[in-house]
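Chain by chain, the residues:
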Amino acid sequence: MSFAVTVIYKQISLTTAQYGLLLAASLIGMIPGSILFGWLSDKMGRNKIMDLDLFFLVFGINPIKNTYLQK
């Protein structure tokens with residue numbers, strides 16, 4: 001995330017306060033995700049959760065990414 005934030009910081013001219021907030025928000029967002037997906041991994045198994053993650057990556061993020069790249 002820190003590599004991407006550095007590029008974003010330069011491209012959209014964030015202030016240092018906004019830069020810090022963006023980094024903090026990414027770390028804070030990891031807390032509920034790690035709790036939820038850690039619990040799910042215990043219940044369903046790590047491989048099933050990784051398959052679910054791959055599914056969302058391929059069919060969720062890529063179409064969104066492609067719509068923004070067409071502009």
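Everything below is about the structure printed above this text.
Residues numbered from 1 in each chain as written. Predicted model: local features only at pLDDT ≥ 70, side-chain atom pairs only at ≥ 80, totals over all residues. Heavy atoms only, no water.

Caption draft 1: Just the overall build of the protein, in detail. Looking only at helices and strands, the protein has 3 helices and 0 strands in total. Relative to its length of 71 residues, the protein is extended, with a C-alpha radius of gyration of 16 Å against a globular reference of 11 Å. Projected onto its principal axes, the C-alpha coordinates of the protein cover approximately 45 × 30 × 15 Å. Residue burial in the protein is summarised as follows: out of 71 residues, 7% are buried. Summing over all exposed atoms, the protein offers an accessible surface of approximately 6,200 Å²; the carbon and sulfur share of this is 70%. (Helix = DSSP H or I, 4+ residues; strand = E, 2+ residues; numbered from the N terminus. Rg over C-alpha atoms; globule rule 2.2 N^0.38 Å. Buried < 20%, exposed > 50% of the residue type's maximum accessible area, 1.4 Å probe, protein only. Areas by Shrake-Rupley, 256 points an atom, 1.4 Å probe, with all protein chains shown as cover.)

Caption draft 2: Up close: the environment of Leu52. Position of Leu52 among the secondary structure elements: in helix α3 (residues 46–69). You can call Leu52 partly exposed: its relative accessible area is 32%. Each C-alpha atom, one on Leu52 and one on Pro63, is 16 Å from the other, the two residues being 11 residues apart in sequence.

Caption draft 3: Inspection of helix α2 (residues 16–44) at higher detail. The first and last C-alpha atoms of α2 sit 41 Å apart over 29 residues, in line with the 42 Å expected at 1.5 Å per residue. Downstream of α2 by a residue or two, Gly45 has a phi angle that is positive, lying close to 105°. (Expected span 1.5 Å × (residues − 1).)

Caption draft 4: Molecular detail of the packing of aromatic side chains. Evaluated as defined, the whole model comprises 2 aromatic pairs. With centroids separated by 5.0 Å and ring planes inclined at 45°, the aromatic side chains of Phe55 and Phe59 adopt a geometry described as tilted. On the criterion of helical spacing, the pair formed by Phe55 and Phe59 is a turn pair, its members being 4 residues apart in helix α3. Here Phe55 falls in the partly exposed class, since its relative accessible area comes to 44%. Of the residues examined, Phe59 reaches a relative accessible area of 58% and is grouped as exposed. The structure contains a cluster of three or more aromatic residues connected by ring pairs, namely Phe55, Phe56 and Phe59. (Phe/Tyr/Trp six-rings, centres within 6.5 Å; stacked < 30°, edge-to-face > 60°.)

Caption draft 5: Structural view of a nonpolar patch on the surface. Taken together, the side chains of Leu36, Phe37, Trp39, Leu52, Leu54, Phe55, Phe56, Leu57, Val58, Phe59 and Ile61 make up a nonpolar region of the molecular surface, amounting to roughly 1,100 Å² of accessible area. Elements represented by at least two residues in the nonpolar patch include exactly α2 and α3. Top element by residues in the nonpolar patch is α3. It accounts for 8 residues. (Patch = residues over 30% accessible without salt bridge, like charges linked within 9 Å, V, L, I, M, F, W, Y side chains within 5 Å. Salt bridge = Lys/Arg side-chain N within 4 Å of Asp/Glu carboxyl O.)

Caption draft 6: Region of the structure containing unusual backbone geometry. Notably, Ser13 is not glycine yet its phi reads approximately 55°, a positive angle. Its place among the elements puts Ser13 in the loop between α1 (2–11) and α2. Take Ser13: its relative accessible area is 61%, and that puts it in the exposed class.

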